[in-house]
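Now for the letters of each chain:
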Amino acid sequence: MSDDQKPKIREGIALCLSGGGYRAMMFHVGVLIRLNELGVMKKLARISSVSGGSITAAVLGMNWKKLTFDKNGVATNLKELLTIPIQKMAATSVDTQSVLGGVFWRGSVSDWVASRYAEILFDHSTLQDFPDDSEGPRFILHATNVQSGALLRMSKPYVADYRVGMIRNMKLPLATAVAASSAFPPFLSPMTIDVNPSDFVPDPTCDLQRLPFTDTFVLCDGGVYDNLGMETIWKQYRTLLVSDAGAKIAPEGDPASDWAQHSKRIMEIVDDQVRNLRKRLLLNLLTSQERFGGYWSVRSDIRNFGLPDAIPCDFGRTTELANTPTRLKKMSELLQKQLVNWGYAVCDAGVRKHAANLPTTATPARFPFAEAGV
């Protein structure tokens with residue numbers, strides 16, 4: 001590819017929020033609290049998310065136009081519009097209830113998940129309630145299109161799969177979009193969304209712009225394709241901030257041989273390798289200075305950032321938090337607060353250590369929930 005054919009890199013800041021169930025949902029709340037205090041959140045051009053990260057991103061996007069920013073670009077009502085609603089979600093079990101509903105009652109499992117999201121968080125909000133690009137960052141929720149094998153990007157301007165095509169200004173309910181993004185296989189997927197073939201923008205370069213691909217989307221968790229949510233932004237933006245709350249596969253000396261448990265183990269291996277490949281790509285870009293920004297993980301050791309004023313976080317304890325199961329299962333209030341605190345602390349260290357190019361306000365770091373610690 002010649003230089004004039006390469007995509008132009010934009011100078012904006014893009015944030016990626018990974019998957020990881022409620023663990024990721026709460027961890028990323030802490031990340032956004034700290035980015036807000038640093039004056040970075042308001043400067044974001046893109047927020048790209050998958051799975052559990054999409055729950056947090058969608059709540060922020062839905063409420064973005066209600067945020068009140070002070071002279072330093074810090075939202076003063078983030079707690080009311082993000083933290084409290086997400087805590088309400090984390091106090092409710094969704095996955096087991098939805099599986100039982102899908103098995104014994106009408107509707108699919110993913111439909112039950114969407115109904116719970118609508119009831120607790122999103123009501124009748126749609127993608128069109130996200131801010132315009134002139135009003136705030138573009139929020140992009142991702143699901144994996146099981147039919148095409150590609151990502152489905154769900155944003156305010158369009159819903160698109162590069163093989164199937166684009167639907168502009170789709171009024172897709174946020175509850176449905178988030179349920180698709182977090183439809184963990186095999187239990188919570190697939191999510192099926194009916195669409196109108198005539199709504200697609202005609203595009204002869206899309207090799208699957210035809211029936212049955214254009215009348216139904218069959219979707220599962222966006223993390224199946226890209227658990228870090230990097231795919232649609234790393235080629236476009238100069239500065240990348242990646243928050244990784246994904247699980248790490250544990251070794252098994254005597255893996256199960258029955259088809260169900262064996263399949264689950266294989267999926268875990270595939271997921272782990274997808275995340276590792278994305279992480280290596282990112283670190284290579286940052287090391288070569290082709291991109292700027294930072295990466296932090298729910299599994300990071302905060303001591304490795306080498307900041308003398310980083311918030312002390314015991315590695316043994318944060319490892320326990322990182323091992324919180326990848327579920328949409330009710331969490332205790334204490335665990336919620338500890339995950340928020342940990343996301344806050346490691347984001348603070350990651351940004352101040354590796355994203356020195358970002359203009360940030362010099363606000364001291366203090367746990368959002370001091371009484372909970374980590």
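Before any of the text, the structure's been laid out above.
Small disclaimer: the values here were computed from a predicted structure and weren't measured. (Residues numbered from 1 in each chain as written. Predicted model: local features only at pLDDT ≥ 70, side-chain atom pairs only at ≥ 80, totals over all residues. Heavy atoms only, no water.)

**Remarks on the nonpolar core**
Part 1: Judged by nonpolar contacts, the single largest core of 98 residues is most densely connected at Met-41, Leu-60, Tyr-117, Phe-122, Phe-217 and Trp-342.
Part 2: Counting residues per element, this core draws most heavily on helix α1 (residues 21-37), at 10 residues.
Part 3: Excluding residues within four positions of it along the chain, Trp-342 makes contact with Phe-27, Ser-297, Val-298, Ser-300, Ile-302, Cys-313, Thr-318, Leu-321 and Val-374.
Part 4: In this structure, Trp-234, Leu-240, Val-242 and Leu-285 belong to the second largest nonpolar core, which totals 13 residues. (Core = buried A, V, L, I, M, F, W, Y, C linked by side-chain atoms within 4.5 Å. Buried < 20%, exposed > 50% of the residue type's maximum accessible area, 1.4 Å probe, protein only. Helix = DSSP H or I, 4+ residues; strand = E, 2+ residues; numbered from the N terminus. Contact = heavy atoms within 4.5 Å.)

**Describing helix α9 (residues 333-354)**
Part 1: Look at α9: 32 Å from first C-alpha to last across 22 residues, which is about the 32 Å you get at 1.5 Å a residue.
Part 2: Where burial is concerned, most of α9 is hidden: 16 out of the 22 residues are buried. (Expected span 1.5 Å × (residues − 1).)

**Some thoughts on the packing of helix α2 (residues 52-63) against helix α5 (residues 109-122)**
Part 1: Between α2 and α5, whose axes approach to 12 Å, the crossing angle comes to 45°. With respect to α5, the axis of α2 lies oblique. Judged by the twist between their axes, the crossing of α2 over α5 is right-handed. Within the contact between the two elements, α2 uses Ile-55, Ala-58, Val-59 and Met-62 and α5 uses Tyr-117, Leu-121 and Phe-122.
Part 2: Across the contact of α2 with α5, the residue classes tally to 7 nonpolar, no polar and no charged. (Axes fitted to C-alpha atoms, helices over the stretch in contact; angles between N-to-C directions. Parallel < 35°, antiparallel > 145°, perpendicular 65-115°, else oblique. Left-handed = near helix turned anticlockwise from the far one by under 90°. Nonpolar A, V, L, I, M, F, W, Y, C, P; charged D, E, K, R; others polar.)

**Here we look at the pattern of salt bridges**
Part 1: The full count for this structure, using the stated rule, is 15 salt bridges.
Part 2: The salt bridge involving Lys-337 is made with Glu-371; its shortest N-O contact spans 3.1 Å. Here Lys-337, found in helix α9, pairs with Glu-371, found in the segment after α9; they are 34 residues apart in sequence, far enough to count as distant.
Part 3: By relative accessible area, which is 59% here, Glu-371 ends up exposed.
Part 4: Residues Arg-352 and Asp-348 are paired through a salt bridge, measuring 3.0 Å at the closest nitrogen-oxygen approach. Here Asp-348 and Arg-352 lie together in helix α9, a separation of 4 residues that amounts to about one turn.
Part 5: Accessibility expressed as a relative area gives 30% for Arg-352, which makes it partly exposed.
Part 6: For Asp-348, a relative accessible area of 0% translates into the label buried. (Salt bridge = Lys/Arg side-chain N within 4 Å of Asp/Glu carboxyl O.)

**Focus on α2**
Part 1: Here α2 is 12 residues long and its end C-alpha atoms lie 18 Å apart, about the 16 Å a rise of 1.5 Å per residue gives.
Part 2: Burial of α2 is extensive: 12 of the 12 residues sit out of reach of the surface.
Part 3: All of the buried residues in α2 are Gly-52, Gly-53, Ser-54, Ile-55, Thr-56, Ala-57, Ala-58, Val-59, Leu-60, Gly-61, Met-62 and Asn-63.

**Quick notes on the packing of aromatic side chains**
Part 1: Following the criterion strictly, the structure yields 5 aromatic pairs and no others.
Part 2: Seen in terms of ring centroids, Trp-64 and Phe-69 are 5.7 Å apart; in terms of plane orientation they differ by 50°. Their pairing is tilted.
Part 3: Aromatic side chains Tyr-117 and Phe-122 sit 6.5 Å apart centroid to centroid with 85° between the ring planes, which places their arrangement in the edge-to-face category. Each member of the pair Tyr-117 and Phe-122 is classed as buried.
Part 4: Following the ring pairs from residue to residue traces out a cluster consisting of Trp-64, Phe-69, Phe-130 and Phe-139.
Part 5: We note Lys-42 situated over the ring of Phe-69; from NZ or CZ to the ring centre the distance is 5.2 Å. (Phe/Tyr/Trp six-rings, centres within 6.5 Å; stacked < 30°, edge-to-face > 60°. Lys NZ or Arg CZ within 6 Å of the ring centre and 35° of its normal.)

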